[in-house]
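Summary of structural features
Here's the letter readout for the chains.
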Amino acid sequence: MKANGNLRRFREQRGMSQEEVGKALCLTGAGYGRIERGEIRLTVEDAVVFARLYGVALTELLEDPDD
């Protein structure tokens, strides 16, 4: 999924730290960082939660940023 690369971009656009996002999702900042780096596979359910948190469409979260 291309979403892992987009997660950091959307988080930074909103001025949020990894710790803030982790706390909002009941994760540690380090746990969220592992998702952002692609070390933990992002599920569809998680992608929906991230899209809502960042206020973007699910398709926008999943698209290739180079397209």
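Residues numbered from 1 in each chain as written. Predicted model: local features only at pLDDT ≥ 70, side-chain atom pairs only at ≥ 80, totals over all residues. Heavy atoms only, no water.

What to know about the pattern of salt bridges
One pass over the structure, following the stated rule, counts four salt bridges. For Glu-12, the salt bridge goes to Arg-8, with nearest N and O atoms at 2.9 Å. Of this pair, Glu-12 and Arg-8 both sit in helix α1 (residues 3-13), four residues apart, which is roughly one turn of the helix. Across the pair Glu-39 and Arg-37 runs a salt bridge whose closest N-O atoms are separated by 3.0 Å. You can call Glu-39 partly exposed: its relative accessible area is 47%. For Arg-37, a relative accessible area of 52% puts it in the exposed group. Where salt bridges share partners, they join Arg-34, Arg-37 and Glu-39 into one cluster. (Salt bridge = Lys/Arg side-chain N within 4 Å of Asp/Glu carboxyl O. Helix = DSSP H or I, 4+ residues; strand = E, 2+ residues; numbered from the N terminus. Buried < 20%, exposed > 50% of the residue type's maximum accessible area, 1.4 Å probe, protein only.)

Quick notes on helix α3 (residues 29-36)
A large share of α3 lies buried, amounting to six of its eight residues. Where the residues of α3 are buried, they touch α1, α2 (18-24) and α4 (44-54). (Contact = heavy atoms within 4.5 Å.)

Describing the packing of aromatic side chains
Here the structure, examined in full by the defined rule, presents three aromatic pairs. Relative to Phe-50, the ring of Tyr-32 has its centre 5.6 Å away and its plane inclined at 55°; by these criteria the two rings are tilted. Of this pair, Tyr-32 sits in helix α3 while Phe-50 sits in helix α4; the two residues are 18 residues apart in sequence, bridging distant segments of the chain. Judged on exposure class, the residue Tyr-32 and its partner Phe-50 are both buried. On the basis of an interplanar angle of 15° and a centroid distance of 6.3 Å, the ring pair of Phe-50 and Tyr-54 is categorised as stacked. Of this pair, Phe-50 and Tyr-54 both sit in helix α4, four residues apart, which is roughly one turn of the helix. As far as burial versus exposure is concerned, Phe-50 and Tyr-54 are alike and both buried. The ring of Phe-10 carries the charged tip of Arg-9 above its face, separated from the ring centre by 4.5 Å. (Phe/Tyr/Trp six-rings, centres within 6.5 Å; stacked < 30°, edge-to-face > 60°. Lys NZ or Arg CZ within 6 Å of the ring centre and 35° of its normal.)

So far we have only geometry, and geometry alone does not tell us how the molecule works.
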